[in-house]
Amino acid sequence: MRTDQILTRLERVFARLDREPERPAHLQTPQMSRHRVVLLGSTLVFYLAIVVAVLTTSWLVRLDWQVMFFRPYEQWPQLHAFLDYLVVLGQRGPTAVMVAAWLGWRSWRQHTLRPLITLGVALLLLNITVGSVKLGLGRLGPHYATEIGSAELFAGGDIFPSGHTANAVVTWGILAYLASTVVTRRVLSVVSAVVSLSVGATTVYLGTHWVSDVLLGWSAGLLILLALPWFEPLIARAEAYVFELRELLRRRAETGRMPAPVATALTPLLSAGGKWQLRRVADSTGEPAAAPATAGSATAHSPAPRPAAAHPAARVHLIRSERTPVTPVGSRRPAHTERTAARSAAARPVAGG
């Protein structure tokens with residue numbers, strides 16, 4: 001497919017995103033309220049308590065071994081086939097594709113990129129936080145345990161916390177986070193909670209995770225959802241950058257060359273005078289046009305003006321078009337008023353007597 005065809009299709013997509021939303025959202029962007037801060041702090045304390053309990057080989061590790069010896073997959077074998085499919089709702093690839101398809105349709109309908117960018121930010125935070133703890137603690141799973149009663153830490157494993165559980169909390173919880181009505185948010189919150197709890201319990205049933213892995217996975221996913229309002233400014237700037245990049249590509253397709261950056265919300269500069277200035281903007285022909293500057297301040301692209309030379313106040317300098325043409329025809333020497341008057345006075349005889 002040629003480049004111009006790709007740009008044409010992208011232009012159609014962004015042309016719809018440029019339109020006003022058909023139905024404005026009933027809820028504002030989630031803010032970091034006091035209630036959310038309390039929940040975030042409580043979840044963080046619970047998260048740290050689980051880590052400490054596993055590091056100290058406390059009663060939680062003994063519970064892990066008791067459930068492992070119980071072998072739920074042998075107690076209820078008839079559920080094994082169904083739960084093998086249910087656990088897919090916590091796998092990173094399939095769930096990300098399904099949720100991204102839904103949020104992409106919402107972005108198309110609401111003419112905004114915020115749902116998709118929010119999902120990307122949440123998954124990036126999930127990979128960084130959960131992945132670093134997994135590799136740092138290196139815990140082995142129940143099927144690979146080597147010493148009864150041991151926490152199996154720092155042994156090269158990667159199951160603590162449970163990635164399936166944390167991914168289920170974040171991926172399905174993001175739908176409730178981005179809901180546009182109160183009722184929808186409450187319903188999706190219940191659905192996401194049921195799915196994440198079911199996925200976590202299924203991993204314990206299958207024997208792929210300890211109970212403590214699942215508890216820490218729930219906490220890790222919930223921490224990401226509660227902290228997302230802190231990243232809303234970043235999400236807004238990323239959306240503005242995507243639209244600015246689209247504008248640059250569109251102008252490049254029209255003019256055949258890459259124009260100067262277009263002034264958007266990402267390009268304000270703070271001048272020395274304390275006033276907000278904009279960079280120089282390229283017009284449709286590719287020629288730069290200077291943005292309006294405030295009196296008393298200089299833009300980033302204009303040099304500082306030189307101080308004017310001092311002139312006598314009584315002498316007025318006229319430009320060539322304003323001067324009176326008093327030079328006689330055939331002479332290139334300008335006439336002098338005082339010299340002409342003196343010559344006339346000398347030629348006249350002195351009268352009187």
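Please read all numbers here as calculations on a predicted model, not as lab measurements.

Along the backbone of the chain there are twelve helices and four strands. Taking all 353 residues of the chain together, the buried fraction comes to 35%. In the chain, the proportion of contacts linking residues at least 24 apart, taken out of those at least 6 apart, comes to 68%. For the chain, the exposed area adds up to about 22400 Å²; of that, 63% sits on carbon and sulfur atoms.

Per the stated rule, a full pass over the model turns up four aromatic pairs. The structure contains a cluster of three or more aromatic residues connected by ring pairs, namely Trp65, Phe69 and Trp210. Directly above the aromatic system of phenylalanine 160 lies the positively charged group of arginine 139, at a separation of 5.2 Å from the ring centroid.

What follows covers helix 11 (residues 232-255). For an α-helix, 3.6 residues make a turn, and residues three or four places apart therefore share a direction. Given a rise of 1.5 Å per residue, 24 residues ought to cover 34 Å, and the 35 Å separating the end C-alpha atoms of helix 11 matches this to within 8%. Taken together, the buried positions of helix 11 are occupied by Glu232, Ile235, Glu239, Phe243, Glu244, Arg246, Glu247, Leu248 and Arg251.

Here we come to the confidence of the model for the chain. Residue-level pLDDT values for the chain average 77, and 64% of them are 70 or greater. Between the elements of the chain, mean pLDDT differs from a low of 38, seen in strand 2 (residues 276-278), to a high of 96, seen in helix 10 (residues 211-227). Across residues 20-27 the pLDDT falls below 50, and counting only partners more than four positions away or on other chains, this stretch makes 15 contacts in the model. Low pLDDT, under 50, characterises residues 262-303; the stretch is placed with 60 contacts to residues that sit more than four places away or in other chains.

Rules used in this analysis
Residues numbered from 1 in each chain as written. Predicted model: local features only at pLDDT ≥ 70, side-chain atom pairs only at ≥ 80, totals over all residues. Heavy atoms only, no water. Helix = DSSP H or I, 4+ residues; strand = E, 2+ residues; numbered from the N terminus. Buried < 20%, exposed > 50% of the residue type's maximum accessible area, 1.4 Å probe, protein only. Contact = heavy atoms within 4.5 Å. Areas by Shrake-Rupley, 256 points an atom, 1.4 Å probe, with all protein chains shown as cover. Phe/Tyr/Trp six-rings, centres within 6.5 Å; stacked < 30°, edge-to-face > 60°. Lys NZ or Arg CZ within 6 Å of the ring centre and 35° of its normal. Expected span 1.5 Å × (residues − 1). pLDDT = per-residue confidence, 0-100.

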